[in-house]
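# Survey of secondary and tertiary structure
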Amino acid sequence: AAAPPPATGMIAPAAPPRLAAIIVSPAGKSALFVRAQDGSSLTIGEGGRIGDETILRIEPGIVTLEGPTGRRALRTAIDPTAPPTPRSPVEAPQGQAAPALPRMGLGRPGAGPPLQQPEE
């Protein structure tokens, strides 16, 4: 059997976190990243750092980073500017009735539970 290659003392770099979502709120804009190693998440705002890169700009669907190798853009998997995809109606197997869809009560006063107002 062949001997294993000699150890080089180098450790393989960890996989970079994946851009999972972009959050825009009155408090500001943030990017939500998920670590490949353990699935944990990081929420970082503009000007924050992830590894050796700085988040320059957060826009709908795209985050611009700058690091030692230059600038790069990360995109979310969902295009926020794309029109909604039409959904096909629920179809039942041939000879059976279509399943009833739950009624949500939206648009009718008093049809749902009362909304909770935030306390000040």
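Residues numbered from 1 in each chain as written. Predicted model: local features only at pLDDT ≥ 70, side-chain atom pairs only at ≥ 80, totals over all residues. Heavy atoms only, no water.

### Describing the sheet that holds strand E2 (residues 28-34)
Hydrogen bonding along the main chain pairs the strands of a sheet, whether they run parallel or antiparallel. Test applied: We treat two strands as partners when DSSP finds at least two bridges between them. Strands here mean DSSP runs of E at least two residues long; helices mean DSSP runs of H or I at least four residues long; both are numbered from the N terminus. Throughout, an axis means a line fitted to C-alpha atoms (over the contacting stretch in the case of helices), and angles, computed between N-to-C directions, take values from 0 to 180 degrees.
Read across the open sheet, the three strands follow the order E1-E2-E3; overall the sheet is antiparallel. Of all the strands in the sheet, the pair left with one neighbour each is strand E1 (18-25) and strand E3 (41-45). If you compare each strand with its neighbour and ignore which way they point, the axes differ by 25° on average. Pairing of E2 with E3, which is carried by five bridges, proceeds in the antiparallel orientation.

### Focus: the environment of Arg 57
Our working definition: Any residue under 20% of the maximum accessible area for its type is buried, any over 50% is exposed, and the rest in between are partly exposed; the area is computed with a 1.4 Å probe on protein chains only. In this description, contact between two residues means that some pair of their heavy atoms is separated by no more than 4.5 Å. Nitrogen and oxygen atoms within 3.5 Å of one another constitute a polar contact, given that in protein one can donate a hydrogen and the other can accept it, and given that sequence-neighbouring residues count only through two side-chain atoms.
Along the polypeptide, Arg 57 turns up in strand E5 (residues 53-59). A residue is classified by how much of its surface remains accessible, and Arg 57, at 39% relative accessible area, is partly exposed. Counting along the chain gives 28 residues from Arg 57 to Lys 29, while the straight-line C-alpha distance between them is 9.0 Å. Apart from residues no more than four positions distant in its own chain, Arg 57 is found in contact with Glu 46, Ile 62, Val 63 and Thr 64. Within the structure, the side chain of Arg 57 is placed 2.9 Å from the side chain of Glu 59, a separation counted as a polar contact.

### Topic: the pattern of salt bridges
Our working rule: For this document, the term salt bridge refers to a Lys or Arg side-chain nitrogen within 4 Å of an Asp or Glu carboxyl oxygen.
Here the structure, examined in full by the defined rule, presents four salt bridges. Between Lys 29 and Glu 46 there is a salt bridge whose closest N-O contact spans 3.7 Å. Of this pair, Lys 29 sits in strand E2 while Glu 46 sits in the loop between E3 and strand E4 (49-50); the two residues are 17 residues apart in sequence, bridging distant segments of the chain. Here Lys 29 falls in the partly exposed class, since its relative accessible area comes to 35%.

### A closer look at the confidence of the model for the protein
In plain terms, the rule: The pLDDT value expresses, per residue, how confident the predictor is, ranging between 0 and 100.
Considering every residue of the protein, the mean pLDDT works out to 73; 52% of them sit at 70 or more. Across the protein, the secondary-structure element scoring lowest on mean pLDDT is E1, at 90, and the one scoring highest is E5, at 94. With pLDDT under 50 throughout, residues 6-12 is counted as low confidence; its partners more than four residues away or in other chains account for zero contacts. Throughout residues 105-112 the model reports pLDDT below 50, and contacts reaching past four residues in sequence, or to other chains, amount to two contacts.

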